[in-house]
Amino acid sequence: MTPAVRAPEVLLVGNPNVGKSTLFNALTKARQRVVNAPGTTVSLTAGTWRIRGDDVSLVDLPGTYSLAARCPDEQVAAAAVANSRHDLVVMVLDATTLSRSLYLLGQVAAAGVPVVAALTMVDLAQARGLRPDAGVLSAALGVPVVEVNGRSGAGSADLERAVTAALRCPPYVRGIEPHLYASALPDTVASAQHLFDWVESVTDDAVPTGEPHLTLTDRLDAVLLNPWLGLPAFLAVVWAVFQLTTVVAGPLIDAAVRLVDGPVASAMSSALGELRAPDWVVSFAVDGVLTGVGTVLSFVPLMAIMFTAVGALEGSGYLARVAVVADRSMRALGLDGRAMLPLIVGFGCNVPALSSTAVLPHARQRLLTGLLIPLTSCTARLAVYLLLAYTFFPAHAGTTVFALYVVSVALVIGWGLIARRTVLREVVSEPLILALPDYQLPHARSLSMSVWTRITSFVRKAGTIIVVAVMAMWVLQALPVRGDYALADVPIAESVYGAVADAAAPALKPMGLGDWKIASALVTGVAAKEVLIAALAQSYAIDAASAQTQSTLGQKLRATVEETSGGHAGAAALALMIFVLSYMPCLPTLAEQRRLYGGRWTALAASAQFIGAYLLATLVFQVGRLL
Amino acid sequence: MSGSFDAVMERLATGESPRSAARALGIPLDLAQAVADEAGRLGLVVSASAACGTCVPRSSPACAGCPLVYADNRLRGR
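Only a predicted model underlies this, so the values are computations on that prediction, with no experimental measurement involved. Here, residues in each chain are numbered from 1, in the same order as that chain's written sequence. In the order they appear in the text, chains get letters beginning with A and ligands get numbers beginning with 1. Only residues with pLDDT of 70 or above have their local features reported here, since the model is predicted, and side-chain atom pairs are shown and tallied only from 80 upward, although totals for entire chains, interfaces and linings are computed over all residues. Excluding hydrogens and water, the side-chain values take into account all heavy atoms of the structure.

Outline the environment of R420 of chain A, supporting the account with residue identities and numerical values.
Relative to the elements of secondary structure, R420 of chain A occurs in helix α18 (residues 397-421). Linking R420 of chain A and L368 of chain A, residues 52 residues apart in sequence, is a C-alpha distance of 8.2 Å. A helix here means a DSSP run of H or I that spans at least four residues, while a strand means a run of E at least two residues long, and both kinds are numbered starting from the N terminus.

So this is what it looks like as C-alpha cells:
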C-alpha cells in the first residue's frame, strides 16, 4: 500500500485590506472550503492551488498588522505562523504601505518560516510616486519578491514559479535571526525596536522618498496642541457648544414643557375621568408620573443637540487632542496623565468612567481616579443646570453652564491634589501617550447612531429609574403622618414625604435654600440626578398652593428661592447648582465604587465630597449675597 | 540604524500624531503608524479609541458594564 503524499501547505499572510483574499481567489479559483481554525470559532478559507499539475494546499489567514495578537482572528494568524506544519508562507506586501507589511514579514521571518513575497497595489503606489523596486527589495530581503495583481491575474505565473522553487529550496529572510525567536514570537519592546530598525533599512533601499508636506492635521495641531493655545482653545470650544446648545434648545424645551403641562395633562385627566378612575389614580398618573417623567423628557431636544455637538467633536478627532492638552495640565499639577481618559468619560456618565479606570496600570492610580470621577459633571446633571440656568440667569444660561463645568474641573484638580498630599501620597505620575488620529469629518451614520443610542438610553432611564422614584415619592406623599387625613388625600406638608423634607430643609438655610421641596428633591436626586427635576415638578404639582398657579416649574422655583434667600435668588441658585454638581454621586455610581474599591473608600470619598459641597455652596451664597 | 521606534515614541509622548511624527522624522507614514500600533499592542501607547472617549457605546472593553452598551446592543438586536 502506497502511503498518501501530503500536499505542501502554504499560508497566505498579510495586513488587512492588502488584496490577500483577492489573490487567494485568483489562485484557487473555485477549489475552496471554509473551515474553523482549530479550537476556535474563527473561520478560515482553505483551497487547492494547482501548480503545473501538482496540488498545493493554500490557507488564507485573517489579516493582521502584527503577530502580537489582540483579538481572536489575529490569534489564529499568529498561531498558524508559529505552527511548524506548513511548508511556506506567501507574504502579501502592500506596496502603498510597505513598512507596515514589512514589519509583519519581519515577525514571520523571526518565527523561522521560509517566505515568498507577493507585492500588491503596485499601480496605486506608482500613482503616488512611491513604487518600490521589486528587484532591490528582493535583494534586500533575500527572498523572491513577485509583483502580482489578484484582479487581473498578472504575476500569477511568476508567483507559481517562485513558490515551486521555494518548496524545493526554502528561502529565508536576510537580516532576521530566526533562532532568536524560534520558540517564542517577538513580544518585547527590544524585538520591536530591532524589527523596526530592520524595516527602515529595507525601505531606505527599496522605496523612493516622498516629499513631506504640511497637512490640515498638522496646521490645526499647531494651534490646538500648542502648550499655550491648546487649553484656551478647548475652553472656547466648550463654551461655544454650551452657547449653541442653550440658545437653540431653549425654545424647544419651553414648547415641550407647555405641551406636557397643557394638552397632554388635560387629555390624560379627561381620559381617566371618562374611565371613572378614582381621584388618587388621576393624581398619581397626572401629578406623579406624567409631571415627573414629562419634565425630564422635555430635555430630550437639548440632549440631542448636546450629544450631536460632542459626537461631532469626537468623530472629528478633536476630543483625543483634548486628552493630550489636559494631560499636560494635569501632569503640571502632579496628577497622573493617563487618568485623563476615564475622567473625560465621566463627563458623559460616571458609571462607565469607573469601569474604564481599568486601563490604568496601578491599583492606587485606579483608586484615585475612581474617587475623583463623581466630581466630573455627567450629562444627567446638565439637565438640572439648564433648568436652573434658564430660570435664574436666562440671558447667560450658556455661560452659567460652562462655568459649572469649569468648577467641575477645578474640583477634580483640587480634590486630586488634596488626596495626593494626604491619603494617596504614593501614587506615581506617568505620562499619557496617545496615538492621535488625523482630523476628519464626522461620519453622519456613526454620529446619528451615537446620538440615537444616547437619547434612547436617556429615555429608557426616564422610563424606568425615574418612574420608580416618582412612584416611591408619590406613595410617601400619599401617606399621612399627622392630622386626620385619609390615604392619598393629605396635604403634602402633612405627609411622610413632607415631614421628612421639612426636617431636612433647615440644613439648607446657610445656602439660602431652606425649603422642603428643594430639600426633598436633593435627597431623591441621589437615586439619579435627573430625578431631582422630576421630584421638584411633582412636589409643585401636588402642593395645593403651588398647583393653583398657572406658572411654569421655573417660575415657581424662582419664587421659592427668592423667598428662602431673602431676595438673593441668584446667589442661592449658584449655590444650588454647585451643590448639585458635587454633593453626592448617584446610587449606580456609589454601587460601582463600592464594587471596585470597597465600602470604606466609597464612604470616605462620599462623605468628604458631601462636606466639601456643603461648605462650598454655603460660601458661594454667603459671599454672593454680599455682592 | 536610526532607532525609528524610539524616535516615533518620543514624538507621540509630546502629543504628536503618527502623521506629524512621520513628517518630522522624514519616515514613511505607515512606518510611524506601525510603531504606534505595535506600541499599543505592547501596552506602551493608548489608542484614542481604547477607552470610551466620551462614552460612545461599544468602543472598547473598557466600556464593559456601561448601561449605554446594553442599550446599544438592544438596538442592534443582540
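How would you explain the confidence of the model for chain A if you had to name every residue and give the values?
All names here are of chain A. A score between 0 and 100, pLDDT records how confident the predictor is in each residue. Mean pLDDT for chain A: 83, with 90% of residues reaching 70 or above. Here helix α7 (residues 178-181) is the element of chain A with the lowest mean pLDDT, 57, and strand β7 (residues 145-147) is the one with the highest, 96. Contact between two residues is taken to exist if any of their heavy atoms lie within 4.5 Å; hydrogens are not considered. Predicted confidence is poor over residues 181-186, with pLDDT under 50, and the contacts of this stretch with residues over four places away or in other chains come to 14 contacts.

Could you give an account of the pairing of strand β4 (residues 54-60) of chain A, naming the residues involved and the relevant values?
All names here are of chain A. Burial classification: accessible surface area is computed with a 1.4 Å probe over protein chains only, and a residue below 20% of its type maximum counts as buried, one above 50% as exposed, and the rest as partly exposed. Counting buried residues in β4 gives 5 out of 7 residues, a clear majority hidden from the surface. The rule for pairing is simple: two strands pair if DSSP sees at least two bridges between them. In terms of strand pairing, strand β1 (residues 9-14) meets β4 through 4 bridges, oriented parallel. Within β4, the position partnered with L11 by the bridge is V59. In the sheet, strand β3 (residues 43-51) pairs with β4 via 7 bridges, with the strands oriented antiparallel. Along β4, the bridge assignment pairs A46 with V59. Here β3 folds back onto β4, and the loop between the two strands holds 2 residues, one of which, R52, carries a positive phi near 50 degrees.

Give me the lowdown on the packing of helix α17 (residues 379-392) of chain A against helix α26 (residues 569-582) of chain A, citing residues and values where you can.
Residue and element names in this part refer to chain A. Contact geometry for α17 and α26: axes closest at 10 Å, N-to-C directions at 175 degrees. Here α26 runs roughly antiparallel to α17, going by the angle between their axes. The residues of α26 that touch α17, namely those facing R381, V384, Y385, L388, A389 and F392, are A569, A573, L576, M577, V580 and L581. Class assignment of the residues belonging to the contact of α17 with α26 gives a composition of 11 nonpolar, no polar and 1 charged. Axis definition: a line fit to C-alpha positions, over the contact stretch in the case of helices; interaxial angles, taken between N-to-C directions, run 0 to 180 degrees. Small angles under 35 degrees read as roughly parallel and large ones over 145 as roughly antiparallel, with 65 to 115 read as roughly perpendicular and the rest as oblique. Lys, Arg, Asp and Glu make up the charged group, whereas Ala, Val, Leu, Ile, Met, Phe, Trp, Tyr, Cys and Pro make up the nonpolar group; the residues left over, Gly among them, are polar.

Tell me what's going on with a nonpolar patch on the surface, and back it up with residues and numbers.
Residue and element names in this part refer to chain A. Every patch collects residues that have over 30% relative accessible area and no salt bridge, joining them within 9 Å if they carry like charges and within 5 Å if they are nonpolar side chains (Val, Leu, Ile, Met, Phe, Trp, Tyr). Per-residue and other accessible areas were derived by the Shrake-Rupley procedure at a 1.4 Å probe size, with only the shown protein chains allowed to occlude residues. Here, a salt bridge means any side-chain nitrogen of Lys or Arg that lies within 4 Å of a carboxyl oxygen of Asp or Glu. A contiguous nonpolar surface patch, about 340 Å² in accessible area, is contributed by L244, V247, V248 and L252. Relative to the assigned elements, L244 resides in helix α10 (residues 230-274). For L244, a relative accessible area of 45% gives the class partly exposed.

Give me the lowdown on the environment of V143 of chain A, citing residues and values where you can.
All names here are of chain A. Among the secondary structure elements, V143 is positioned in the loop between α5 (134-141) and β7. Residues V143 and R174, spaced 31 residues apart in sequence, show a C-alpha to C-alpha distance of 7.8 Å. Not counting chain neighbours up to four residues away, the residues in contact with V143 comprise V115, S138, P171, Y172 and V173.

So, the confidence of the model for chain B: which residues are in play, and what are the values?
Residue and element names in this part refer to chain B. Averaged over every residue, the pLDDT of chain B is 68; residues scoring 70 or more account for 55%. When mean pLDDT is compared element by element in chain B, helix α1 (residues 4-13) scores highest at 89, while helix α4 (residues 67-75) scores lowest at 43. Overall, residues 51-78 carries pLDDT values under 50, and its contacts beyond four positions in sequence, including any with other chains, amount to 63 contacts. Here the prediction assigns the complex a pTM of 0.66, and the interface score ipTM is 0.74.

Quick rundown of helix α25 (residues 553-564) of chain A? Include the residues and the values.
Residue and element names in this part refer to chain A. Spanning 12 residues, α25 covers 17 Å between terminal C-alpha atoms, matching the ideal 16 Å at 1.5 Å per step. When α25 is considered as a whole, its buried residues turn out to be L553, G554, K556, L557, T560 and V561. Summarising the axial view, the buried residues of α25 lie within an arc of 160 degrees, below the 170-degree limit, and thus occupy one face. Once α25 finishes, G566 follows within two positions and takes phi at roughly 65 degrees, a positive value. Expected span, for any helix, means 1.5 Å times one less than how many residues it has. The directions considered for the arc run from the helix axis to the C-beta atoms.

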